[in-house]
Protein chains: 2
Amino acid sequence: MEYYSSHINKLIEQLSRLPGIGAKSAQRLAFHILNMPKDQVEQLSASIVNAKANVQYCKNCYTLTDQEICPICNNPRRDRKVIMVVENTRDLAAYEKTGKYDGVYHVLHGAISPMLGIGPDDIKLKELMQRLSQDDIEEVIIATNSSLEGETTAMYISKLVKPSGIRVSRIASGVPVGGDLEYIDEVTLLRALEGRVEL
Amino acid sequence: MEYYSSHINKLIEQLSRLPGIGAKSAQRLAFHILNMPKDQVEQLSASIVNAKANVQYCKNCYTLTDQEICPICNNPRRDRKVIMVVENTRDLAAYEKTGKYDGVYHVLHGAISPMLGIGPDDIKLKELMQRLSQDDIEEVIIATNSSLEGETTAMYISKLVKPSGIRVSRIASGVPVGGDLEYIDEVTLLRALEGRVEL
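Note that the structure is a prediction, hence the values are computed from the model and not measured. (Residues numbered from 1 in each chain as written. Chains lettered and ligands numbered in written order. Predicted model: local features only at pLDDT ≥ 70, side-chain atom pairs only at ≥ 80, totals over all residues. Heavy atoms only, no water.)

J.: So what's going on with unusual backbone geometry? Which residues, and what values?
T.: In this structure, A:His109 is a non-glycine residue whose phi angle is positive, near 60°. For A:His109, the location among the structural elements is in the loop between β4 (103-107) and α6 (125-134). At B:Tyr62, a position not held by glycine, the phi torsion is positive, near 70°. Summarising the element assignment, B:Tyr62 is placed in the loop between β1 (56-57) and β2 (64-65). (Helix = DSSP H or I, 4+ residues; strand = E, 2+ residues; numbered from the N terminus.)

Printed below as a string of structure tokens:
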């Protein structure tokens, strides 16, 4: 593209590699960045490098944190006997926002997906089993996504953990609160029916 | 947000300031960046700083470029007697992609908008008038957007340039190619009618 300078092309190319950012958005972002004051551009750039340099996995639950052990695992008020297994740190954050869960977490960093060639060894599953064998755990709550991969992973973990006698549960799937039945897919509707609770 | 580290929060905050990136997208981008290999993260960060540091306005047409004079103004095969006036470098790029325009450009970096308090002095209009008085120009093609601001700017430029005897034209507005009449707004339909050409 002769009409942009090589530095602009390079920036557009880098931005368009990010997820959910197409060629048009990358252009728009690039020109926005070029019009930002220099100190703001430097802050943006520094925040990227700093986050990458300082963030690591918590040695206990494998969430992304800037400490050896994350604030949740380090919090004495959290119930360490209950572990919620999630696919990634964003899912952990979603449950933290509810403010109602007081157990700890285990972050898998992915889900089993034969399609994408992701097997049990590619996610933090060995690490989960190690925690279960070392610590005094009463319940494992599987909160992987309600997708094919999430369900596969849930089944796999359930089979792995059950023989140890630890209670294994799965978060309910059904109609989302405020959801209009008319617009909800059939699988979800059937799940909601199967999982109905007595009133 | 206790559940993310301060470096992650800082990155999310910086990303969410970019246009079109909400809180959710910023989170998704941040975790994507954290999962990228270190050298790719550094490339991304460097491309941001380098673009900002090396890109400047072309001394002739005011497009963003990394040279004193941009490749288009420097190209001896371009017709320097025809200037297309556009609002920004992205619009220039849109016309360059057609590959059919062989004149040069003038980038205003904005449009007159009384609503936003942007007056004629806030865009590169003086610079355009200076080019017209210094160089031998035959035609000014106004290709500002077909918005209220774009039209206002077009009218303003037209009034300014006409007394000099230079031909002033405006790109046609009408039904976009492939556009379905049913879904096109009334103003566009009326414009298309007014601008009809004999076959």
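J.: I'd like a rundown of the sheet that holds strand β6 (residues 167-170) of chain B, residues and numbers included.
T.: Either a parallel or an antiparallel arrangement is found when strands of a sheet pair, and the pairing is made through backbone hydrogen bonds. Residues and elements named next belong to chain B. Strand order across the open sheet formed by four strands is β4-β3-β5-β6, with parallel pairing between neighbours. Single-partner strands in this sheet number two, and they are β4 (103-107) and β6. Direction aside, neighbouring strands of the sheet carry axes that sit 25° apart on average. Where strand β3 (residues 79-86) and β4 come together, five bridges link them in parallel fashion. Pairing of Met-84 across the sheet is with Tyr-105, part of β4. On top of the sheet, helix α5 (residues 89-98) reaches β3 and β4; it is set at about 160° to β4, its chief contact. Along the sheet, helix α7 (residues 148-161) contacts β3, β5 (139-142) and β6; its crossing angle with β6, the most-contacted strand, is approximately 170°. (Pairing = 2+ DSSP bridges. Axes fitted to C-alpha atoms, helices over the stretch in contact; angles between N-to-C directions. Contact = heavy atoms within 4.5 Å.)

J.: How would you summarise the pattern of salt bridges if you had to cite specific residues and measurements?
T.: Residue and element names in this part refer to chain B. Under the definition given, this model contains 15 salt bridges over all chains. Among the salt bridges present, the one from Glu-13 reaches Arg-17, with a minimum N-O distance of 2.7 Å. Overall, the relative accessible area of 36% leaves Glu-13 in the partly exposed class. The network of salt bridges with common partners includes Lys-81, Asp-136 and Glu-138. (Salt bridge = Lys/Arg side-chain N within 4 Å of Asp/Glu carboxyl O. Buried < 20%, exposed > 50% of the residue type's maximum accessible area, 1.4 Å probe, protein only.)

J.: Talk me through the layout of surface pockets; I want residue IDs and the actual numbers.
T.: All names here are of chain B. Taken as a whole, the largest pocket encloses approximately 300 Å³ of empty space. Taken together, 15 residues line the largest pocket, and the ones lying closest to its centre are Tyr-95, Ala-143, Thr-144, Asn-145 and Ile-171. Top contributing element to the lining of the largest pocket by residue count: α5, with four residues. (1 Å grid on protein atoms, 1.4 Å probe; cavity = no way out; pocket = protein on both sides within 12 Å on 5 of 7 lines; lining within 4 Å. Points joined across faces, edges and corners; volume = space filled by probe spheres on them.)

J.: Describe the UniProt feature "zinc finger region: C4-type" (unreviewed entry) in chain A, with residues and values.
T.: Those places that UniProt annotates as "zinc finger region: C4-type" (unreviewed entry) correspond, in this numbering, to residues 58-73 of chain A. For residues 58-73 of chain A, the helix share is 19%, the strand share is 12%, and the end-to-end C-alpha distance is 8 Å. (UniProt positions renumbered as here; feature names shortened; annotations may be inferred.)

J.: Could you give an account of the packing of helix α2 (residues 23-35) of chain A against α5(B), with specific residues and numbers?
T.: Between α2(A) and α5(B), the least distance of the axes is 10 Å, while the angle of their chain directions is 140°. One way to sum up the angle between α2(A) and α5(B) is to call them oblique. For the pair α2(A) and α5(B), contact is made by A:Gln27, A:Arg28 and A:Phe31 and by B:Thr89, B:Arg90 and B:Lys97, respectively. Grouping the constituent residues of the contact of α2(A) with α5(B) by class yields one nonpolar, two polar and three charged. (Parallel < 35°, antiparallel > 145°, perpendicular 65-115°, else oblique. Nonpolar A, V, L, I, M, F, W, Y, C, P; charged D, E, K, R; others polar.)

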